[in-house]
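Coordinates in review
Single-letter residue listing:
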Amino acid sequence: MLDLDAAAMGGYLESVAANLARLAPDARTVVDLGAGTGAGTFALAEAMPEATVHAVDVDPAMLATVAQRATERGLGARVVAQRGDFDADEPPLPAPADVMWSSGTLHHAADPAALLARVHAALRPGGLLAVLEMDDLPQPLPAGTGPDGLSERLAALSVGWSSHPDWAPTLRGAGFELLEQRSILDTSPSPELARAWATAWLTRLRRHASALAEPAERDRLVADLDAVLADGAAGRGPLAVADLELTSGRTLWLARRP
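Note that the structure is predicted; figures quoted are calculated from it, not measured.

All right, on to the UniProt feature "domain: Methyltransferase type" (unreviewed entry) in the chain then. Under the UniProt annotation, "domain: Methyltransferase type" (unreviewed entry) lies at residues 31-129. Counting secondary structure, residues 31-129 comes out at 33% helix and 28% strand; the distance between its end C-alpha atoms is 9 Å.

Now the structure itself:
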């Protein structure tokens, strides 16, 4: 899902990373907090060719993926995959860092204010922090489609999925100067990628249906998802719409350590 999200709705990565490179032209140490499979890591590495990018994550499988992809891309010397548990406050973040990047990570921290204090301490004076959060989960089915209003039922289930506050007060409380806060709207570049993302997401929802709905609704949800996925595999139904498109909204907070 992380890879598909980056492919289908990651157009913002290149532009945000390029802006960071413009603001920090001499950056040599860059940190991707909660790197996942490395979409942000590699966007930063490409935008800042003189920098070493530290991909920090708690999941060994994610780190192994980043390390393998760095080698495949010829970036093995410039991308460092390293374990970091933000909630356990260990190990120390790479420092002094010129740029730090947190995409979809901060709202997962048990104590975001404490994590931001650590980030502030690890940044050099004048260092930059980019925080990105997804505001709206892309809706995998066009409105009004699917059995018995399935698209609207799925939209209701997604409310609060990536809930996060406005991080501006927390950033200022940690000692940062807020340079920019803006919304980013990203649209899938092709119906094929939109279909791949929607199919993977609906399959994931079907797998976790028991945690999403009450028993009566769960059985109905599984049956309806099975029908939509089967139709999609056969080239029919809402997943086969010729101009299928996904749109996601994100917020960017760009801050600097004074």
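Further remarks concern the layout of surface pockets. Put simply, the largest pocket is a space of about 1,000 Å³. Looking at the largest pocket, it is lined by 39 residues, and the ones nearest its centre are Leu-2, Gly-34, Ser-103, Gly-104 and His-108. Secondary structure elements with two or more residues in the lining of the largest pocket: helix H1 (2-9), helix H2 (11-23), helix H3 (39-47), strand S4 (97-103), strand S5 (123-136) and helix H8 (191-207). Classifying every residue of the lining of the largest pocket by side-chain character gives 18 nonpolar, 12 polar and 9 charged. Every residue lining the second largest pocket is counted, 16 residues in all, and those nearest its centre are Leu-13, Ala-39, Phe-42, Ala-43 and Arg-73.

Spatial ordering of the open sheet is given by S3-S2-S1-S4-S5-S7-S6, a layout of 7 strands whose pairing is mixed. The open sheet has two edge strands, strand S3 (79-83) and strand S6 (177-187), and neither has a second partner. Neighbouring strand axes in the sheet, compared pairwise and without regard to direction, differ in orientation by 20° on average. Where strand S1 (residues 29-33) lies against strand S2 (residues 52-57), 5 bridges are found, and the strand directions are parallel. Paired with Asp-32 across the strands is Ala-55, a residue of S2.

With that settled, consider the packing of H8 against helix H9 (residues 215-233). As a packed pair, H8 and H9 sit with axes 10 Å apart at the nearest point and diverge in direction by 155°. Considering their axes alone, H8 and H9 lie roughly antiparallel with respect to each other. Seen from above, H8 lies across H9 with left-handed handedness. Contacts between H8 and H9 involve Thr-199, Leu-202, Thr-203, Leu-205 and Arg-206 on the former and, on the latter, Val-222, Leu-225, Asp-226, Val-228 and Leu-229.

Procedures and definitions
Along each chain, the written sequence defines residue order, and numbers are assigned to residues from 1. Residues qualify for local features only when their pLDDT is at least 70, as the model is predicted, and side-chain atom pairs are given and counted only at 80 or more; totals for whole chains, interfaces and linings, by contrast, use all residues. Based on all heavy atoms of the structure, the side-chain values leave hydrogens and waters out of the count. UniProt positions are given in the numbering used here, feature names are shortened, and annotations may be inferred rather than shown by experiment. Going along the chain from the N terminus, every DSSP run of H or I of four or more residues is numbered as a helix, and every run of E of two or more is numbered as a strand. Both site types are read off a 1 Å grid over the protein atoms alone. A 1.4 Å probe that fits but cannot get out defines a cavity, while an open set with protein on both sides within 12 Å along at least five of seven lines defines a pocket; lining residues have an atom within 4 Å of a point. Grid points are joined across faces, edges and corners, and a volume is the space filled by probe spheres set on the points. Three classes are used: nonpolar for Ala, Val, Leu, Ile, Met, Phe, Trp, Tyr, Cys and Pro, charged for Asp, Glu, Lys and Arg, and polar for all others, with Gly counted as polar. At least two DSSP bridges between two strands are required for those strands to pair. Interaxial angle, 0 to 180 degrees, is taken between N-to-C directions of lines fitted to C-alpha atoms, where a helix line uses only the stretch in contact. Any angle from 65 to 115 degrees is called roughly perpendicular, while one under 35 is roughly parallel, one over 145 is roughly antiparallel, and all others are oblique. Rotating anticlockwise by less than a right angle from the far helix to the near helix defines a left-handed crossing, while the corresponding clockwise rotation defines a right-handed one. We call two residues in contact when some of their heavy atoms are within 4.5 Å.

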